[in-house]
Amino acid sequence: MKLALFQPVGYQAFMLSVIIETCNDEEALARTLASLVSGAVEGLVRDVVVCDLGSGDATRQVAEHAGCVWTTGGIADAVTTAKGDWLLLLEPGARLLGDWTEAVAVHAARSGAAARFSRDRSSRAPFLARILSRPGPLAQGLLLPRRQAVVLARHADSAAALARGLSMKTLRAAILPAARKEKKSSDHYSSRAVAP
């Protein structure tokens, strides 16, 4: 699976950069990258930036095999490295479902606001679990204009920090959030990035 850079076919108005923050997420990263192939083939996804926070597994090899840009300079570096007009931040292991490319293209053409994906119904936790646990800020992804991300990244220490407190629209396209185990991994490296 190679996410090569293609000339845009139907999305001349803008290009999308995907940013995935990782730490020992080789399998989860591979699943997320597989769900982005349709966006690369259609010419919507310009590049994928993998922002790594100290992986000791084969995460880098997975990223390089897929043609991703690798950075270890934190979220601000990932945002400035990304080349697209819009940025899509995803947790490793999250998968975009259905015709997500059309929903993203329509939103970007009509709005300048941040957005997230609809949570896939099959991934909904039982009622009590939804009340007792709060999903992470990137559980449903984050789509935002690059210029807004550049401003937010100046004061953010992680990808999740970019999403906290943002007012977002919800797209009709669905996302299958990262599994619970994968989220714990992302929580671990977020707290590591904050620690002195």
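Above this text is the structure in question.
Residues numbered from 1 in each chain as written. Predicted model: local features only at pLDDT ≥ 70, side-chain atom pairs only at ≥ 80, totals over all residues. Heavy atoms only, no water.

Q: An account of the environment of Glu21 is requested, with residue identities and associated values reported.
A: Mapped onto the secondary structure, Glu21 falls in strand S1 (residues 16-22). Exposure remark for Glu21: the relative accessible area of 4% places this residue in the buried category. For the pair Glu21 and Asp52, spaced 31 residues apart in sequence, the C-alpha to C-alpha distance is 5.7 Å. Only 3.2 Å separates the side chain of Glu21 from the backbone nitrogen of Ala159, close enough to count as a polar contact. (Helix = DSSP H or I, 4+ residues; strand = E, 2+ residues; numbered from the N terminus. Buried < 20%, exposed > 50% of the residue type's maximum accessible area, 1.4 Å probe, protein only. Polar contact = N/O pair within 3.5 Å; in protein donor to acceptor, adjacent residues only side chain to side chain.)

Q: Before we move on, could you go through the pattern of salt bridges and cite the residues and values that matter?
A: Taken as a whole, this structure holds 1 salt bridge when the rule is applied. A salt bridge links Arg60 to Glu64; the nearest nitrogen and oxygen atoms lie 2.7 Å apart. Of this pair, Arg60 and Glu64 both sit in helix H2 (residues 59-65), 4 residues apart, roughly one helical turn. Among the residues examined, Arg60 registers a relative accessible area of 41% and is labelled partly exposed. For Glu64, a relative accessible area of 40% corresponds to the partly exposed category. (Salt bridge = Lys/Arg side-chain N within 4 Å of Asp/Glu carboxyl O.)

Q: Can you explain the side chain of Ser17? Please cite residues and give values.
A: Among the secondary structure elements, Ser17 is positioned in strand S1. Within polar-contact distance, the side chain of Ser17 engages the backbone nitrogen of Gly84 at 2.6 Å. Excluding residues within four positions of it along the chain, Ser17 makes contact with Asp47, Ala82, Lys83, Gly84, Trp86, Leu87 and Leu88. (Contact = heavy atoms within 4.5 Å.)

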